[in-house]
Amino acid sequence: MRHDTGGRLTRDGIRIHEPSDFDGMHKAGAVAARILDDVAPHVYPGQTTGGLEEIIRGAVEASGAISATIGYKGYQHASCISVNHVVCHGIPGSKIPKWKNDSHGRTDDSLVDGDILNIDVTVIVDGWYGDTSRMYVAGEPKAYAKRLMQVTHDSLMIGIEAVKPGNTFGDIGHAIQSYVESHRMSVVRDFCGHGLGRVFHAPPNVLHYGRAGSGPRLEEGMFFTIEPMVNLGRPETKVLKDEWTAITRDKSLSAQYEHSVGVTADGVEIFTLSPAGRFHPTWEEA
């Protein structure tokens, strides 16, 4: 793994990147986002998460990029696919954990009508990391699932709106938490966003909850992810015996959206915008 040696470090250990580094992040982010665009038509009832993984793995190779997750801490897949009450780090090809409203009696990783799923992809392009995730639906979502995805998507965008020099990371978390809780949903506390650039994970931890005005101040040149996980029920999670898959403790539905962003002189740039405009789960209806 390459070390991020450009720019300078703040006293909190957060790297300040050079203006020229934005180009590398845009290229990596665009590749990751395009892969998630292209997988959309393959999400349907009867498809398997293992099948989606094979499509994604092939797309990463075809793009000339490198998967950041294959071999990362022993992980052997080019994607994480988290279905229904799986909060994050769902392993493609694994049996989908049963949740409280699942009456299908499934015994494998096949999707059924109404499943919602987050697909998370990170690629390396010319040494830069592009990290993004978004929600998909197999068939027709239930009304409450659609509402959950909408609130989660909007909370991410509200968090991004808080990104500008002089604001703090606490401002981002507070904006997300306030919006989510106003809709009587909960923000997961056990996982967070992170710095990135020429490394996969770096300071800071980007919390999706918190107090306005708290935490390090944002400066031009900071690169990081914002990736709120929102539950219909309580925020608590637990990790399964595979040591990767995290689920909601109360088996309520969970959703997540993720963008990689960079702080500019007067605001923010999103590196992982969808080239096809398919970041939102109901893009076909727009």
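For the structure itself, consult the block above.
Residues numbered from 1 in each chain as written. Predicted model: local features only at pLDDT ≥ 70, side-chain atom pairs only at ≥ 80, totals over all residues. Heavy atoms only, no water.

*Asks:* I'd like to hear about the packing of helix H3 (residues 143–161) against helix H4 (residues 169–182), residue by residue, with values.
*Replies:* Each pair of packed helices can be summarised by the angle the axes make with each other and by the distance between the axes. Packing of H3 against H4 brings their axes to within 8 Å, and their N-to-C directions diverge by 150 degrees. With respect to their mutual orientation, H3 and H4 come out roughly antiparallel. The handedness of the crossing between H3 and H4 is right-handed. Contacts between H3 and H4 involve Val-151, Asp-154, Ser-155, Ile-158 and Gly-159 on the former and, on the latter, Ile-172, Ala-175, Ile-176, Tyr-179 and Val-180. Here the residues of the contact of H3 with H4 sort into 7 nonpolar, 2 polar and 1 charged. (Axes fitted to C-alpha atoms, helices over the stretch in contact; angles between N-to-C directions. Helix = DSSP H or I, 4+ residues; strand = E, 2+ residues; numbered from the N terminus. Parallel < 35°, antiparallel > 145°, perpendicular 65-115°, else oblique. Left-handed = near helix turned anticlockwise from the far one by under 90°. Contact = heavy atoms within 4.5 Å. Nonpolar A, V, L, I, M, F, W, Y, C, P; charged D, E, K, R; others polar.)

*Asks:* Give me the lowdown on the pattern of salt bridges, citing residues and values where you can.
*Replies:* Two side chains of opposite charge can pair, provided their charged atoms sit close to one another. According to the stated counting rule, one finds 5 salt bridges in the structure shown. For the salt bridge of Arg-189 with Glu-181, the shortest nitrogen-to-oxygen distance reads 3.8 Å. By relative accessible area, which is 38% here, Glu-181 ends up partly exposed. (Salt bridge = Lys/Arg side-chain N within 4 Å of Asp/Glu carboxyl O. Buried < 20%, exposed > 50% of the residue type's maximum accessible area, 1.4 Å probe, protein only.)

*Asks:* Please give an account of the nonpolar core that cites residues and values.
*Replies:* By size, the foremost hydrophobic cluster in this structure holds 34 residues, and its most contacted members are Leu-117, Ile-119 and Val-123. Where this core is concerned, the elements lending two or more residues are helix H1 (21–39), helix H2 (49–63), strand S4 (80–83), strand S6 (116–125) and strand S7 (128–137). With 8 residues, H1 is the single largest residue contributor to this core. Counting residues in each nonpolar core, the second largest holds 33 residues, with Ile-116, Leu-218, Phe-224 and Ile-226 among its members. (Core = buried A, V, L, I, M, F, W, Y, C linked by side-chain atoms within 4.5 Å.)

*Asks:* Account for the sheet that holds strand S12 (residues 229–231), naming residues and giving values.
*Replies:* Taken together, the 3 strands give an open sheet; going across it, the order is S8-S12-S15, and neighbouring strands pair in antiparallel fashion. Looking at strand neighbours, the two that pair on one side only are strand S8 (186–187) and strand S15 (254–256), the edges of this open sheet. In this sheet, S15 lies alongside S12 in antiparallel orientation, the contact comprising 3 bridges. Each residue of the ladder has a partner; that of Val-230, found in S15, is Ala-255. (Pairing = 2+ DSSP bridges.)

*Asks:* Explain the sheet that holds strand S5 (residues 86–88) to me, using residue names and the numbers behind them.
*Replies:* Ordered in space as S5-S14-S13, the 3 strands form an open sheet in which the pairing is antiparallel. Strands with a single pairing partner mark the edges of an open sheet, and in this sheet they are S5 and strand S13 (237–239). Neighbour-to-neighbour, the strand axes of this sheet turn through a mean angle of 40 degrees, independent of strand direction.

*Asks:* Help me get a handle on the layout of surface pockets, residues and values and all.
*Replies:* In this approach, a probe sized like a water molecule rolls over the atoms, and the result shows the empty space that is left. Here the largest pocket defines a volume of roughly 530 Å³. If you trace the largest pocket, you find 27 residues lining it, with Tyr-72, His-89, His-194, Phe-200 and His-201 closest to the centre. Listed by contribution, the elements that provide at least two residues to the lining of the largest pocket are S4, S6, strand S9 (193–195) and strand S10 (202–206). If one sorts the elements of the lining of the largest pocket by residue count, S6 sits on top with 3 residues. Its residues assigned to classes, the lining of the largest pocket shows 10 nonpolar, 11 polar and 6 charged. (1 Å grid on protein atoms, 1.4 Å probe; cavity = no way out; pocket = protein on both sides within 12 Å on 5 of 7 lines; lining within 4 Å. Points joined across faces, edges and corners; volume = space filled by probe spheres on them.)

*Asks:* Residues and numbers for the pairing of S10, please.
*Replies:* Judged from the 3 bridges that link them, S9 and S10 form a sheet pairing that is antiparallel. Of the residues in S10, the one forming a bridge with Gly-193 is Val-206. Counted along the chain from S9 to the antiparallel partner S10, the turn is 6 residues long.

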